[in-house]
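# Close look at the chain arrangement
What follows is each chain in one-letter form.
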Amino acid sequence: MSAPVNVLVIGVGPHTRLNHLPALAAVQDAGLVGTVTGADLPGAADAIVEYGTAERPRRMSVVSVKPFPGSRRSLPPEVRHVLDGVVNRVRIGAVVVATEPSVHMPYALWAMERGLPVLLDKPLTVHPDASTNPSAAQAIADDFDTLLDAYLAARRRDPRMVVSVLSQRRWHPAFRRVRELIAEVAQATNCPVTSVQSSHGDGQWRLPDELIDIGYHSFDRGYGKASHSGYHHFDIVPWWLAAGERPGKEIDEIEVHAACTRPADFLAQLTVADHARLLPGLADRNPYTEPELDRLTTGFGEVDVFLNVSYRSRGRVMALGSHNLAHTTFSQRGNLHPIPGGLYKGNGRIGQETHIIHQGPFQALHLHVLQTLHGDAAGIDRRAAGGADHIELHVFRNDRLGLGWERHRTLNFTDLIRGSGAGAVLPTQRSARACAIQEFFSHLAGRIPRAELASDLSDHRRPARLMAATYLSMSRRWAADGQASSPIAFDFLPATAPAARAATTLANLGATS
């Protein structure tokens, strides 16, 4: 077993403080992590950040790095100089990249060049104006190839090198159970997944002036929901589909059609006057007229995006998918002024997620995470219907085939817990994320072999291409002034397939228009 590793966390904003730092405190307690040092933009974080628990408070120093454009593919020399100094001074042994996603790639490439294992936040990359500029959308697919080349080169230099992608649903007990059920039926029947209907709504209600004035997790960079949380679905659906692939039925191509709303559409659905009537005081606070908002939000990214996807094998459709990703969904916000922390979490933001998966005439799986509250609420059972942790998985199977299957069973929160005692993984996003972070550092300590890692970078070609195709569809519709465009066709081979790189080259010559 190796000594605890000192960690550099690049990006210590609200996302990191809410999600990453508590999990890092836990792995420190487990003896897997030594010191934790932060890096962020000037003014984006305090010189000292406190984290941990009241019983075991901790303090993390944060170094400042200068901002640079999201279009850069490598770090500016002055940023590299600062980070190199931290690595040498603190003896950093691993890097967590949790920045704004348009700069994920230069930080990840720098870490791999230095031979530092990387825990990379999702999405892998995105580019400014990806929802309006087809070249920026295509670059999302190309970026994966760049990252994978750098990763393979780093592994040739040091076979211990690892890059893990923190797409936590791969560790979530309910999502893992779905994958196991799919694989079980595929093995028994030779039938792949034939359709997937997925939806995710996070109930974020951003008021008209906040569209302009609050930049964190906003739409002003030319991308939105598909980059904010959409990657979870771009990742988990292909991960499920792969569990049902059978010889001769491997998915090798996707066809994607995306339709989206943007801030101007949202302000037509619920006008400034509507907002002012519902929230007294907004008219006095909001400095923007409707024409000004329309002008200022031109070119902003997607608020909601709905996809229709065909997953093909050798020209035949293996599965149809509808993937609906929305900010504009049921919310519990009723206050005019957002509570501290902006709109990233809280402020009535409610997550509701459903997946319906069919496997021919043999199996249907219904996974529901339906909340009406966020966080703790006195007197409410967190696991009951509408609670913050409510989850249920319905399993329907054809019981007329003599295979010993039950016609229907329901798995609830308790049924879906993995493990027992202190090591149990609860069916919650927070617990799954903590499991992902623990797995990464356990691997670095020699406790988990590479073959057991759930989310190695090399397994993320498909989600990167699904995300790129989504943005290509949106951006081509934008370029056509809102007129419907032909679906986008992309190869969908995994990175391990021999023809993957050749197929990438063909896609770069032009997806269907």
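Residues numbered from 1 in each chain as written. Predicted model: local features only at pLDDT ≥ 70, side-chain atom pairs only at ≥ 80, totals over all residues. Heavy atoms only, no water.

### Let's talk about the sheet that holds strand E5 (residues 92-97)
Worth spelling out the cut-off: A pair of strands counts as paired when DSSP detects no fewer than two bridges linking them. In this text, helices come from DSSP runs of H or I with a minimum length of four residues, and strands from runs of E with a minimum of two, each type numbered from the N-terminal end. For helices, the fitted line uses only the C-alpha atoms of the stretch in contact; every axis is such a line through C-alpha atoms, and the angle between N-to-C directions lies from 0 to 180 degrees. We call two residues in contact whenever any of their non-hydrogen atoms come within 4.5 Å of each other.
The strand order across the open sheet built from 7 strands is E3-E4-E2-E1-E5-E6-E7, with neighbouring strands paired in mixed fashion. Taken across any chain shown, the strands that pair with only one partner, and hence form the sheet edges, are strand E3 (48-52) and strand E7 (163-166). Between one strand and the next, the sheet's axes are offset by a mean angle of 25°, whatever the strand orientation. Here E3 pairs with strand E4 (residues 57-64) via 5 bridges, running antiparallel. Bridge assignment links tyrosine 51 to a residue of E4, and that residue is arginine 58. Along the sheet, helix H3 (residues 104-113) contacts strand E1 (5-10), E5, strand E6 (118-121) and E7; its crossing angle with E6, the most-contacted strand, is approximately 175°.

### Observations concerning the environment of valine 79
Following the sequence through the fold, valine 79 ends up in helix H2 (residues 77-90). For the pair valine 79 and arginine 17, spaced 62 residues apart in sequence, the C-alpha to C-alpha distance is 22 Å. The residues contacting valine 79, other than those within four sequence positions of it, are Val65, Lys66, Phe68 and Tyr107.

### Focus: the nonpolar core
Note the cut-off: Remark: nonpolar core denotes a set of buried residues (Ala, Val, Leu, Ile, Met, Phe, Trp, Tyr, Cys) joined through side-chain atoms within 4.5 Å. Each residue's exposure class comes from its accessible area (1.4 Å probe, protein chains only) as a fraction of the maximum for that residue type: buried when under 20%, exposed when over 50%, partly exposed otherwise.
Of all hydrophobic cores here, the largest spans 119 residues; its most connected members are Leu83, Tyr107, Trp110, Met112, Tyr311, Phe441 and Tyr471. If you look at the next biggest cluster of nonpolar residues, it comprises 14 residues, including Leu267, Val272, Tyr288 and Leu293.

### Structural notes on the pairing of E5
Along E5, 5 of the 6 residues are buried, which leaves the element largely enclosed by surrounding structure. Where E1 and E5 come together, 5 bridges link them in parallel fashion. In the strand pairing of E5, leucine 8 is matched with valine 95. Where E5 and E6 come together, 3 bridges link them in parallel fashion. From the neighbouring strand, valine 96 faces E6, where its bridge partner is leucine 119.

### Notes on the packing of aromatic side chains
Worth spelling out the cut-off: We call Phe, Tyr and Trp rings a pair once their centres come within 6.5 Å, taking the six-membered ring for Trp, and we label the pair stacked below 30 degrees between planes, edge-to-face above 60, and tilted otherwise. Two conditions define a charge sitting above a ring: the NZ of Lys or the CZ of Arg must be within 6 Å of the ring centre, and it must be within 35 degrees of the ring normal.
Under the defined criterion, the tally for this structure stands at 4 aromatic pairs. Seen from their ring centres, phenylalanine 440 and phenylalanine 441 are 4.9 Å apart, and the 80° between their planes marks the pair as edge-to-face. Above the face of the tyrosine 151 ring, arginine 155 is positioned so that its terminal group lies 5.7 Å from the ring centre. Over the ring of tryptophan 405 we find arginine 397; its NZ or CZ atom is 5.1 Å from the centre of that ring.

### Describing the packing of helix H1 (residues 14-29) against helix H13 (residues 429-444)
For clarity, the threshold we go by: Here the word oblique covers every angle except those under 35 degrees (roughly parallel), over 145 (roughly antiparallel) and from 65 to 115 (roughly perpendicular). Note on convention: the crossing is left-handed when the near helix lies turned anticlockwise from the far helix by less than a right angle, right-handed when the turn is clockwise. Gly counts as polar in this scheme, as do all residues outside two lists: the nonpolar Ala, Val, Leu, Ile, Met, Phe, Trp, Tyr, Cys and Pro, and the charged Asp, Glu, Lys and Arg.
For the pair H1 and H13, the least separation of the axes is 9 Å and the interaxial angle reads 50°. Looking at the two axes, H1 sits oblique to H13. Every pair of crossing elements has a handedness; the one defined by H1 and H13 is right-handed. Residues Leu18, Asn19, His20, Ala23, Leu24 and Val27 of H1 form the contact with H13, whose own contacting residues are Arg430, Arg433, Ala434, Ile437, Gln438 and Phe441. In terms of residue class, the contact of H1 with H13 is made up of 7 nonpolar, 3 polar and 2 charged.

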